[in-house]
Amino acid sequence: MKRIMTLLLYFSQIHPLVIKDGVQHQNHAMQKAGVLDKTFGSNRNGIVITNASAFNGNANGADDIIAMIQQQDGKIVVAGASTNSLDQKHFTLARYTANGILDSSFGIDKNGVVITNASAFNNYSYGSDIINAMLQQSDGKILVGGSSRNNGVNNDGTNRNSDFTLARYTKDGLLDTTFGTGGVTITNVSAFNGNPNRDDFIIDMIQQADGKIVAGGYSTNLDNSKNFTLARYSKDGVLDTTFGTGGVTITNVSRDFNGNTIGHSMINAMLQQSNEKIVVAGSSMNANSNTDFTLARYTKDGVLDTSFGGNNNGEAITNASSFNGNANGYDQIEAIIQIENGKIVV
């Protein structure tokens, strides 16, 4: 089944505000929250669909939207992947007006869609790559993070490997060659974990007060177990060796804190607290080989913060399924926020 980039806009309040001539007016035409906004999209039905793979040479390819931001002028940028004619995925961004119209002023080809073969920057032009995270820098530039394939071979000789990959674009979708190497930064973080021939992925990222970028996800160790992994870069995409060990922090949560020596642990979400400490959330595997809600906190420089967690070890692990009548269930955190009182909700 083919996947196509799809946006939907819903009303979120009963009396939406209307701005006319710079003045806000209350719109008293009752609009029920959660109803599709039919002013959005070229077909005015609240839904926007873009066959992004058609811009990548494969009208029947699958597309994914994984991240989204709103620019200062209200335009919407989405990011993920599209598929080329060889069925390889590439970094893909698209921009829409606030009303859901594909913005033809975006990208080098001025067609609203930007596609980058990030694996080509990783010495493997035929690899697949995908964006998992996106943020907007203070100057309006667009930073994306995900993975790209290199030309190495896994330990079993079957596959090439994925590496932490960042790319930066101008606000109008041009690859910013002042960032990294030609606009892209690639780090084999599994090499820091003793296994350079295995996969690592950026899943989320934050920007610190000084503009440095912290990317989080996972890397793979010699036991082929995935571990919590953070890497920090300068605002221009250079690995910051003052962070963690050589720029990278790796925590084997399943082994060290959850009783499973070869279990997986993966970061899926991150937030930065007001004191610049970094909280990450995801899952780790317990002694029964089931996964649990898992959080960890680090200092701004990538050191595990032992003041965090009930055991004062930097970790907080909860078997959430046990509250749902199944102590042997599989739990995973996908999102994290901090509410007004400083408490964390996942």
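The text that follows walks through the structure, step by step, so that each part is easy to find. Worth saying up front: this structure is predicted, and the values here are computed from it rather than measured. (Residues numbered from 1 in each chain as written. Predicted model: local features only at pLDDT ≥ 70, side-chain atom pairs only at ≥ 80, totals over all residues. Heavy atoms only, no water.)

**Looking at the layout of surface pockets**
Step number 1: In this structure, the second largest pocket occupies an estimated 190 Å³ of space.
Step number 2: Forming the walls of the second largest pocket are Phe55, Ile108, Asp109, Asn111, Val113, Val114, Ile115, Thr116, Tyr169, Gly173, Leu174 and Leu175.
Step number 3: Along the lines of polarity and charge, the residues of the lining of the second largest pocket split into eight nonpolar, three polar and one charged. (1 Å grid on protein atoms, 1.4 Å probe; cavity = no way out; pocket = protein on both sides within 12 Å on 5 of 7 lines; lining within 4 Å. Points joined across faces, edges and corners; volume = space filled by probe spheres on them. Nonpolar A, V, L, I, M, F, W, Y, C, P; charged D, E, K, R; others polar.)

**Describing the environment of Ser283**
Step number 1: Here Ser283 shows up in strand β18 (residues 278–285).
Step number 2: For Ser283 and Asp331, which are 48 residues apart along the polypeptide, the C-alpha to C-alpha distance reads 6.8 Å.
Step number 3: Ignoring any residue separated from it by four or fewer positions in sequence, one finds Ser283 in contact with Phe228, His264, Ser265, Met266, Thr291, Asp292, Thr294, Asp331 and Gln332. (Helix = DSSP H or I, 4+ residues; strand = E, 2+ residues; numbered from the N terminus. Contact = heavy atoms within 4.5 Å.)

**Quick look at the pairing of strand β13 (residues 201–207)**
Step number 1: Among the seven residues that make up β13, five are buried, leaving the element largely enclosed by the rest of the structure.
Step number 2: Note that β13 and strand β14 (residues 213–220) share six bridges and pair antiparallel. Along β14, the bridge assignment pairs Ile206 with Val214.
Step number 3: Here β13 hands over to β14 after five residues, with Gly211 in that stretch at a positive phi of 90 degrees. (Buried < 20%, exposed > 50% of the residue type's maximum accessible area, 1.4 Å probe, protein only. Pairing = 2+ DSSP bridges.)

**Section: the pattern of salt bridges**
Step number 1: The full count for this structure, using the stated rule, is 16 salt bridges.
Step number 2: A salt bridge links Lys277 to Asp305; the shortest N-O distance between them is 3.0 Å. One end of the pair, Lys277, is in the loop between β17 (265–272) and β18; the other, Asp305, is in the loop between β19 (291–298) and β20 (315–318), and 28 residues separate them in sequence.
Step number 3: The class of Asp305 is buried, set by a relative accessible area of 8%. (Salt bridge = Lys/Arg side-chain N within 4 Å of Asp/Glu carboxyl O.)

**Some words on the nonpolar core**
Step number 1: Ranked by internal contacts, the top residues of the largest apolar core, which has 16 residues, are Val77, Phe91, Leu93, Met134, Ile142, Val144 and Tyr169.
Step number 2: Mapped onto this core, the elements with two or more residues apiece are β5 (64–70), β6 (76–83), β7 (89–96), β9 (130–136), β10 (142–149) and β11 (162–169).
Step number 3: If sequence neighbours within four positions are ignored, Val144 has contacts with Phe91, Leu93, Ile131, Ala133, Met134, Thr165, Leu166, Ala167, Tyr169 and Met205.
Step number 4: Judged by nonpolar contacts, the second largest core, of 14 residues, contains Leu135, Leu166, Ile202 and Ile213. (Core = buried A, V, L, I, M, F, W, Y, C linked by side-chain atoms within 4.5 Å.)

**Examining the sheet that holds β10**
Step number 1: Taken in spatial order, the four strands line up as β9-β10-β11-β12 in an open sheet, and their pairing is antiparallel. Bordering the open sheet on either side are β9 and β12 (184–187), each of which pairs with just one other strand. Geometrically, the sheet is characterised by an average inter-axis angle of 20 degrees between neighbouring strands, direction not taken into account.
Step number 2: Examined bridge by bridge, β9 and β10 share six bridges and lie antiparallel to one another. Within β10, the position partnered with Ile130 by the bridge is Ser147. (Axes fitted to C-alpha atoms, helices over the stretch in contact; angles between N-to-C directions.)

**Concerning the sheet that holds strand β15 (residues 226–233)**
Step number 1: The strand order β13-β14-β15-β16 describes an open sheet built from four strands, whose pairing is antiparallel. Pairing within the sheet leaves two strands with one partner each, and these edge strands are β13 and β16 (248–251). Along the sheet, successive strands turn relative to each other by an average axial angle of 20 degrees, direction set aside.
Step number 2: When β15 meets β16, the two strands line up antiparallel, connected through four bridges. Its bridge partner being in β16, Phe228 is matched across the sheet by Thr251.

**Describing the pairing of β5**
Step number 1: Pairing of β5 with β6, which is carried by six bridges, proceeds in the antiparallel orientation. Residue pairing across strands places Ile69 opposite Val77, the latter belonging to β6.
Step number 2: Here β5 hands over to β6 after five residues, with Gly74 in that stretch at a positive phi of 90 degrees.

**Points about unusual backbone geometry**
Step number 1: Not every positive phi belongs to a glycine, and Asp87 is a case in point at roughly 65 degrees.
Step number 2: Within the secondary structure layout, Asp87 lies in the loop between β6 and β7.
Step number 3: Residue class for Asp87 comes out exposed when judged on its relative accessible area of 59%.
Step number 4: Within the chain, Asn312 stands out as a residue other than glycine whose phi angle is a positive 50 degrees.

**Digging into the side chain of Gln71**
Step number 1: With respect to the helices, strands and loops of the structure, Gln71 is situated in the loop between β5 and β6.
Step number 2: In this structure Gln71 comes out as buried when scored by relative accessible area, which is 7%.
Step number 3: Within the structure, Gln71 has its side chain in polar contact with the backbone oxygen of Lys171 (distance 2.9 Å).
Step number 4: Excluding residues within four positions of it along the chain, Gln71 makes contact with Val77, Arg95, Gln136, Ile142 and Lys171. (Polar contact = N/O pair within 3.5 Å; in protein donor to acceptor, adjacent residues only side chain to side chain.)

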